[in-house]
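Coordinate analysis (summary)
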Amino acid sequence: MAEKFDVVVIGAGAAGLMCAAQAGERGRRVLVLDHAKKPGRKILIAGGGRCNFTNYDVSAKHYLSRNPHFVKSALAQYTNWDYISMIYKYGIEFEERDHGQLFCVGDYDSKDIVKMLLAECDKPSIQFRYQQAVDNIEQQANGFSLTTNGHEIECESLVIATGGLSMPKLGATPFGYKVAAQFGLEVLPTSAALVPFTLHKEDKEDFSELSGIAIPVEITAKNNTKFKEALLFTHRGLSGPSVLQISSYWTPGEAVEVNLVPDVDVQALLTRSLEKHPNQTLKNTLAKVLPKRLVEVLIERKTLEDKPLKQFSSKALEDVANTLEHWSIAPNGTEGYRTAEVTLGGVNTDHLSSKTMECKAIKGLYFIGEVVDVTGWLGGYNFQWCWSSGYVAGQWV
Ligand code: FDA
């Protein structure tokens, strides 16, 4: 005899936990299944262990999706302020970092976020089972049947909250995409996002010695999307928030444009320096506003020419400023799913109700969180999508 539940949630991550808590709150008998040994593994490592759980400023413009309007309903039904209220309710202390990003602080960290979600799920109607191998999902007259560790389960509503492909070592699998395909839903092409760039051999050799150096930049993708944040040189290539952000907008083969001096009027600096110190070299002048080693590498690569300022024409000084403001570098690729924070693409939102996250054509089947073709910017937006999409599904399952 099959064991019966009202709702089965597959995936005890951010979205699945939120959905289970809400469904349980409504008195639904919920079973949460996960193949991992414990819940919320990505939450635990997020934000360097401090979990950037949401942002003060959340809107549709912070998300990528083939349908940019899809997120609006869920984000309006369960807002960042709703989540912040829950954080207050549990007495979790937090701080605002750059760009409205909210992180746990002091004695509080990611573990407290998982504890809070589990406390919300601590209801007699909600059961958790870990280390489960789920298969044989089938639609029935009034819901679904599936087997987990060989045990047969039936449910009215089935929620797929198994996330994307990033960080396989933390348990990421294509399970959700396979279920979508099984039910005839389109899965839009997936790729690693919020991910460092790798560089072509020669560029890597030149820049790897700058590993560990971070500078403020403004970075622009071919489609003109811009982010003004730090860039970090690494042993493998380029990272830092600016690079992670732009990686979501980058297409292989394209170059990105980097303003290496977004807060400096280099033209004015060079003109002033020429008047006061005509014998000063370009290298020593630029070393006032950029790390000296970076200037040296740009000179070694012949991106810049080093000589006393008096030997530059005013047009040549203008060109120097222009070069630094529009430095172009073509990544070789990305570090891929191994280090990516999220996955671009996923279940095409055309198949889902934006109000409930239920499949339009398959009653009782829901997709929430990262498995859906919704990808947030860096800054707490991906978790907010999980809280919002999990919450709304939890009202209907
Ligand atoms: P998630 O991946 O969290 O959970 C899916 C669950 O399904 C997992 O428990 C998994 O074990 C389970 N599962 C998978 N396949 C299965 C199968 N076949 N059978 C059974 N169970 C299966 N975002 C943010 O907003 N702020 C931040 O600070 C960070 N930081 C961050 C750091 C790092 C290193 C990473 C990798 C990612 C982030 N993110 C982030 C992104 C964020 O972690 C991500 O968007 C959410 O965790 C997605 O939540 P989901 O619940 O959709 O999937």
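The structure reproduced in this document is the subject of the present report.

Procedures and definitions
Residues numbered from 1 in each chain as written. Predicted model: local features only at pLDDT ≥ 70, side-chain atom pairs only at ≥ 80, totals over all residues. Heavy atoms only, no water. Phe/Tyr/Trp six-rings, centres within 6.5 Å; stacked < 30°, edge-to-face > 60°. Buried < 20%, exposed > 50% of the residue type's maximum accessible area, 1.4 Å probe, protein only. Helix = DSSP H or I, 4+ residues; strand = E, 2+ residues; numbered from the N terminus. Polar contact = N/O pair within 3.5 Å; in protein donor to acceptor, adjacent residues only side chain to side chain. Contact = heavy atoms within 4.5 Å. Salt bridge = Lys/Arg side-chain N within 4 Å of Asp/Glu carboxyl O.

1. Section: the packing of aromatic side chains
Any aromatic ring pair is given by two values, namely how distant the centres are and how the planes are angled relative to each other. Evaluated as defined, the whole model comprises 17 aromatic pairs. Considering the side-chain rings of Tyr88 and Phe94, the 5.5 Å spacing of their centres and the 65° angle between planes classify their relative orientation as edge-to-face. Classification of Tyr88 as exposed rests on a relative accessible area of 57%. For Phe94, a relative accessible area of 18% corresponds to the buried category. With a centroid separation of 4.8 Å and 80° between ring planes, the pair formed by Phe227 and Trp377 is classed as edge-to-face.

2. A look at the side chain of Thr148
Looking at the element boundaries, Thr148 is found in strand E9 (residues 143-148). Separated by 2.5 Å, the side chains of Thr148 and Gln132 make a polar contact. In contact with Thr148, other than residues within four places in its own chain, are Leu33, Gln132, Ala133, Val134 and Ile153.

3. Some remarks on the side chain of His62
Residue position: His62 is located in the loop between strand E3 (52-55) and strand E4 (63-64). We classify His62 as buried; its relative accessible area is 2%.

4. Describing the pattern of salt bridges
Evaluated as defined, the whole model comprises 22 salt bridges. For Lys4, the salt bridge is made with Glu154, and the minimal N-O distance between the two is 3.2 Å. Residue Lys4 is located in strand E1 (residues 3-10), and its partner Glu154 is located in strand E10 (residues 151-160); the two are separated by 150 residues in the primary sequence. Take Lys4: its relative accessible area is 47%, and that puts it in the partly exposed class. Residue Arg338 is joined to Glu335 by a salt bridge in which the shortest nitrogen-to-oxygen separation is 3.8 Å. When its relative accessible area of 13% is taken as the criterion, Glu335 is described as buried. Residues participating in the shared-partner salt-bridge network are Glu209, Lys283, Arg293, Glu296 and Glu300.

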